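# Chain and residue survey
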Amino acid sequence: MIYLVSNETSLFESYKTLSVNEAIEILKSWDQIQFDTETSGRDPHICSILCMQFGNKKSDVQIVVDTSTINPTAFK
């Protein structure tokens with residue numbers, strides 16, 4: 001299952017949405033977290049983060065965070 005955390009849900013109607021708090025509660029329950037980012041370029045030190053993705057292979061869940069509408073530091 002893929003979940004989306006975004007304040008612009010009209011663009012992503014095919015995904016189930018979560019609030020930031022709901023996503024954090026799911027992440028807290030995982031013993032292992034896979035993490036990936038998509039950036040606006042190849043240099044992660046100077047390019048903007050477009051989205052973050054958290055995954056857990058055991059539960060077959062992915063949480064995609066739209067960082068253009070959600071502050072990524074909420075997941076720190």
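Predicted model, so just to flag it, every value in this text is computed and none were measured.

Criteria and cut-off values
Residues numbered from 1 in each chain as written. Predicted model: local features only at pLDDT ≥ 70, side-chain atom pairs only at ≥ 80, totals over all residues. Heavy atoms only, no water. Salt bridge = Lys/Arg side-chain N within 4 Å of Asp/Glu carboxyl O. Helix = DSSP H or I, 4+ residues; strand = E, 2+ residues; numbered from the N terminus. Buried < 20%, exposed > 50% of the residue type's maximum accessible area, 1.4 Å probe, protein only. Core = buried A, V, L, I, M, F, W, Y, C linked by side-chain atoms within 4.5 Å. Contact = heavy atoms within 4.5 Å. pLDDT = per-residue confidence, 0-100. Pairing = 2+ DSSP bridges.

Another aspect to go through is the pattern of salt bridges. Applying the stated criterion across every chain, the model contains 2 salt bridges. Across the salt bridge formed by Glu25 and Lys28, the nearest N and O atoms sit 3.7 Å from each other. Taken together, the residues Glu25 and Lys28, both in helix H1 (residues 20-29) and 3 residues apart, mark about one turn of the helix. Of the charged contacts in the structure, one is a salt bridge between Asp31 and Lys58, with a shortest N-O distance of 3.2 Å. Remark: Lys58 occurs in the loop between strand E4 (49-56) and strand E5 (61-66) and Asp31 occurs in the loop between H1 and strand E3 (34-39); sequence separation between them is 27 residues. Here Asp31 matches Lys58 in class, with each residue exposed.

Counting 14 residues, the largest nonpolar core has Val5, Phe54, Ile63, Val65 and Phe75 as the members making the most contacts within it. Looking at this core, the elements with two or more residues in it are strand E1 (2-5), H1, E4 and E5. Excluding its chain neighbours within four sequence positions, the residues that come into contact with Val5 are Leu18, Ser19, Val20, Ala23, Ile63, Val64, Val65, Asp66, Ile70 and Phe75.

Let's shift gears to the confidence of the model for the protein. Residues at a pLDDT of 70 or more form 99% of the protein, whose mean pLDDT is 91. No element of the protein has a lower mean pLDDT than strand E2 (residues 16-17), which averages 91, and none a higher one than H1, which averages 96.

Now for the pairing of E5. In terms of residue burial, E5 counts as a mostly covered element, since 5 of its 6 residues are buried. Bridge count for E1 against E5 is 4 bridges, and the pairing is parallel. Among the inter-strand pairings, Tyr3 is bridged to a residue of E5, identified as Ile63. The pairing of E4 with E5 spans 6 bridges and is antiparallel. Paired with Met52 across the strands is Val65, a residue of E5. Between E4 and E5, which pair antiparallel one after the other, the connecting turn spans 4 residues, and Asp60 there sits at a positive phi close to 55°.

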